[in-house]
Amino acid sequence: MGNLFGKRAAIVSYRLGMADGVSVTAAQWASALQLIGMRVRTVAGDGEPDVTVPGLALDAERPPSRHELAAALDDADVVIADNICSLPMNMAAGDAVADYLRGRPAVLRHHDLPWEREWYADITAWPPDDPQWRHVTVNELARAQLAERRGIAATTIYHGFSERPRPEARADVRAALGVGDGERLVLQPTRAIPRKNVDVGIAIAERLGATFWLTGPAEDGYAGELERLVRAARVPVRRRLPAGVDMAAAYAACDAVVLPSSWEGFGLPLIEAALHRRPIVVADFPVAAELRAFGFRWFPVDDPGRLEAWLADPDTTLLDHNEKIAVEHFGIDALARRLERLLTGAPVCHHALGGSAGCDCLTA
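To start, this report covers the structure provided alongside it. Remember, it's a predicted structure, so these values are computed and weren't measured experimentally.

Concerning the nonpolar core
Across soluble globular proteins, you tend to see nonpolar side chains buried next to one another. Among the nonpolar cores identified, the biggest contains 37 residues, and Leu 291, Phe 296 and Phe 330 are the most heavily contacted of them. Of all the secondary-structure elements, those providing two or more residues to this core are helix 5 (170-177), strand 8 (185-188), helix 8 (247-253), strand 11 (256-259), helix 9 (268-275), strand 12 (280-282), helix 10 (286-292) and helix 12 (316-330). Examining the composition of this core, we find that six residues originate from one element, helix 9, more than from any other. Setting aside residues no more than four positions away along its own chain, Phe 330 makes contact with Tyr 158, His 159, Gly 160, Phe 161, Phe 266, Ile 271, Leu 291, Phe 294, Phe 296 and Ile 325. Val 12, Tyr 14, Ala 93 and Trp 126 belong to the second largest nonpolar core, which has 27 residues in total.

Structure below.
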């Protein structure tokens with residue numbers, strides 16, 4: 001695209017401006033694109049986008065018309081289809097977006113792919129492709145599988161964070177949760193769905209004698225199981241965010257973070273915990289191993305005694321180490337440089353931000 005200053009980018013998805021992972025990281029891309037001089041508009045069927053097109057919503061009864069998409073997207077120099085052409089949660093909406101985008105510059109960013117969900121495994125023609133499009137995955141595992149299964153070349157671009165710790169919020173949030181100064185608070189900043197393994201998070205809190213705090217909602221029919229787990233828990237359990245409390249304040253309030261998931265497309269808490277200087281317990285899901293290769297030091301999910309010992313005698317060099325890696329490789333400035341390279345046709349590398357020379361990072 002050459003010089004990007006003043007160019008228009010439109011980010012389109014099922015829902016935006018909410019607390020889900022796609023919304024959070026779409027906001028990261030919007031910030032990064034603005035840093036390189038682009039004007040950004042968000043378009044979605046639900047949430048709080050700049051432009052609402054009802055037919056894009058997950059529960060829309062009909063897909064958006066070409067006229068509706070044109071009104072929202074025609075003046076964009078590049079359209080970023082953010083997971084709406086990746087995971088077919090509303091396939092009619094995704095197909096409508098793909099049909100509209102054919103023959104024009106677009107970036108298809110894939111957080112999730114059909115074969116990663118059992119109930120979509122029989123869908124073999126997604127994601128769609130076009131010579132004018134560039135594909136982006138949020139991890140290397142998905143990039144390799146996209147090439148193998150669909151013959152589509154993609155570039156991996158990890159998320160970029162602009163987290164700012166809020167230590168001043170700690171006391172007020174803990175008071176709102178009813179957690180005393182000398183008590184431990186374990187945060188699981190996820191939704192409650194089967195693959196998030198909330199039972200494991202609760203078990204770790206029980207081992208630590210800590211209050212367990214789950215910030216996300218129950219989805220995918222998990223509400224009944226969650227209620228059973230909460231009733232059976234041997235430690236206090238807190239649910240959701242109190243009014244006026246954001247995730248930065250939640251990290252400030254907790255003493256440790258748990259991410260016991262069996263699967264994550266990325267795992268935002270892996271980086272958020274580092275930037276907020278909190279120790280984290282991490283399960284061995286595939287992308288965690290990919291990110292651990294950057295040098296992060298996490299506590300294992302199957303040995304909570306190691307975190308217990310650390311909390312009894314904290315060594316802040318661990319927090320310094322993880323924070324440094326997160327800022328260097330996963331900061332918003334790093335993301336802005338990678339997006340500028342992507343949109344101007346240059347290789348994208350995660351280990352040497354000036355380019356790919358001397359690095360074995362795989363690029364499209």
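This is not the end of the story, as more comes after the structure.
Some details on helix 9
Of all eight residues in helix 9, eight are buried, a share of seventy percent or more. Among all positions of helix 9, only Leu 268, Pro 269, Leu 270, Ile 271, Glu 272, Ala 273, Ala 274 and Leu 275 are buried. The secondary structure elements touched by the buried residues of helix 9 are helix 1 (21-35), helix 8, strand 11, strand 12, helix 10 and helix 12. Backbone geometry just downstream of helix 9 places Arg 277 in the positive-phi region, at approximately 60°.

Thoughts on the pattern of salt bridges
Close approach of charged atoms lets side chains of opposite charge pair. What the rule picks out here adds up to 23 salt bridges. With its nearest N and O atoms 3.6 Å apart, the salt bridge here joins Arg 292 to Asp 284. Shared partners join several salt bridges into a network, and the residues in it are Arg 8, Arg 41 and Asp 75.

Procedures and definitions
- Residues numbered from 1 in each chain as written.
- Predicted model: local features only at pLDDT ≥ 70, side-chain atom pairs only at ≥ 80, totals over all residues.
- Heavy atoms only, no water.
- Core = buried A, V, L, I, M, F, W, Y, C linked by side-chain atoms within 4.5 Å.
- Buried < 20%, exposed > 50% of the residue type's maximum accessible area, 1.4 Å probe, protein only.
- Helix = DSSP H or I, 4+ residues; strand = E, 2+ residues; numbered from the N terminus.
- Contact = heavy atoms within 4.5 Å.
- Salt bridge = Lys/Arg side-chain N within 4 Å of Asp/Glu carboxyl O.

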